[in-house]
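Listed below, chain by chain, are the residues.
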Amino acid sequence: MGITHHGRTDRLDLLDPTLRTWDCVVLESGPDGIVLDRSAFYPGGGGQPPDHGVLLWQSVETRIVGTRKGEDFYLLPAEGDPIPPVGTAVTGAVADERRSRLMRTHSGLHLLCGVVFRDFGALVTGGNMEPGEARMDFNLPEVPADFKALLEASVNVEIAADRRVDVRVLAREEALAIPDIIRTQTNLIPPGEEEIRIVDIIGLDTQADGGTHVASTAQIGRIELVKIENKGKANRRVRIRVVD
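Treat the numbers as computed from the prediction; the structure is a model and nothing was measured.

A. Spatial organisation of the overall build of the chain. In terms of regular secondary structure, the chain is built from 4 helices and 16 strands. Here the C-alpha atoms of the chain give a radius of gyration of 19 Å, agreeing with the 18 Å that 2.2 N^0.38 yields for 244 residues. A burial count over the chain gives 46% of its 244 residues as buried. Summarising the internal contacts of the chain: among those between residues at least 6 apart in sequence, 65% fall at separations of at least 24. Of the roughly 11400 Å² that the chain leaves accessible, carbon and sulfur atoms contribute 50%. Charge-centre separation for the chain: the mean point of 28 positive side chains lies 6 Å from the mean point of 37 negative side chains.

Below you can see the structure in the form of structure tokens.
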């Protein structure tokens, strides 16, 4: 495993999150799924769902509707679709609208996390996202009466600031030396991970993360806070929507 590969597959999605089509070769094909030598499909993880898309080969289309991670990274075809044999040269294509909206949503959650940590000192206790909608849970026992309106205004100020979003890979020791690099209440970084991928919203939020992101906060769009829910004595669940 590694930052730029998974098993036999080179991870193009992490090298260039804007890549939507590429040429590749089928290394394995069968009941477990399809393994490519190169793939820009995000396999899912860290709350971000896997990409959808297609493989195009010999005038045939195979729809990709999910992934499975093991020693290799398997693409899961739609039921009944033809599967390219081992050795076939194919063109992969990620569903652009889904991926782009997930990138905006994921970056929006990081921005939300940065604002809540800066203004309230709260750590994340859970989260989930779908294209354009997400929720994040915070250890936040007390909030002001106007918390929802205040938070929505603050996150949209940071979007308008058009902060750059940088991604870099650091050695584990160097990454963990960054103050407050873990923004979750529980450290989710596997003990054996020698390299850690860092996503940095410049001047606002720096944390370990393995997902795909936009290049600047202005690309997120506008964030609407849909609802604030109490989930226990200390937990607040913030539901957001990303709009154009």
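B. Examining the pattern of salt bridges more closely. Tallied over the full model, the rule gives 19 salt bridges. Between aspartate 51 and arginine 99 there is a salt bridge, with its nearest N and O atoms 2.8 Å apart. With a gap of 48 residues between them, aspartate 51 in the loop between strand E5 (38-39) and strand E6 (53-57) and arginine 99 in helix H2 (residues 96-120) connect regions that are remote in the sequence. By the burial criterion, aspartate 51 is buried, and arginine 99 matches it. Here aspartate 81 ties to arginine 63 by a salt bridge, and the two come within 2.9 Å at their closest N and O atoms. Residue aspartate 81 is found in the loop between strand E8 (73-77) and strand E9 (89-94), and its partner arginine 63 is found in strand E7 (residues 60-69); the two are separated by 18 residues along the sequence. Judged by relative accessible area, which is 16%, aspartate 81 ranks as buried. A relative accessible area of 40% places arginine 63 in the partly exposed class. One salt-bridge network, in which partners are shared between bridges, spans Arg118, Asp119, Glu158 and Arg163.

C. Looking closely at the side chain of arginine 20. Along the polypeptide, arginine 20 turns up in the loop between helix H1 (12-15) and strand E3 (21-30). Overall, arginine 20 belongs to the buried group, its relative accessible area being 15%. Polar side-chain contacts of arginine 20 include one of 2.6 Å to the backbone oxygen of proline 17. Polar contacts involving the side chain of arginine 20 include one to the side chain of aspartate 96, which spans 2.8 Å. Apart from residues no more than four positions distant in its own chain, arginine 20 is found in contact with Gly92, Ala93, Val94, Asp96, Arg99, Ser100 and Met103.

Definitions and limits used
Sequence order as written defines the numbering, with residues in each chain counted from 1. With pLDDT at 70 or above as the cut-off, local features in this predicted model cover only qualifying residues; side-chain atom pairs require 80 or more to be listed or tallied, and sums for whole chains, interfaces and linings still use all residues. The basis for the side-chain values is all heavy atoms of the structure; hydrogens and waters are excluded. The helix and strand labels rest on DSSP assignments: H or I over at least four residues marks a helix, E over at least two residues marks a strand, and numbering proceeds from the N terminus. Two things to know: the radius of gyration comes from C-alpha atoms, and the globule rule equals 2.2 Å times the number of residues to the power 0.38. Using a 1.4 Å probe on the protein chains alone, a residue whose accessible area is under 20% of its type maximum counts as buried, one over 50% counts as exposed, and one in between counts as partly exposed. The contact rule is simple, with two residues in contact once any of their heavy atoms fall within 4.5 Å. Residue burial considers only the protein chains on display, and all accessible areas are found by Shrake-Rupley using a 1.4 Å probe. In this tally, Asp and Glu contribute negative charge and Lys and Arg positive charge; neither His nor the terminal groups of the chain are included. Positions of charges follow a simple convention, taking NZ of Lys, CZ of Arg, CG of Asp or CD of Glu. Each reported salt bridge corresponds to a side-chain nitrogen of Lys or Arg within 4 Å of a carboxyl oxygen of Asp or Glu. Polar contacts, as used here, are pairs of N or O atoms within 3.5 Å; protein pairs need one atom able to donate a hydrogen and one able to accept it. Residues neighboring in sequence count only if both atoms are side-chain atoms.

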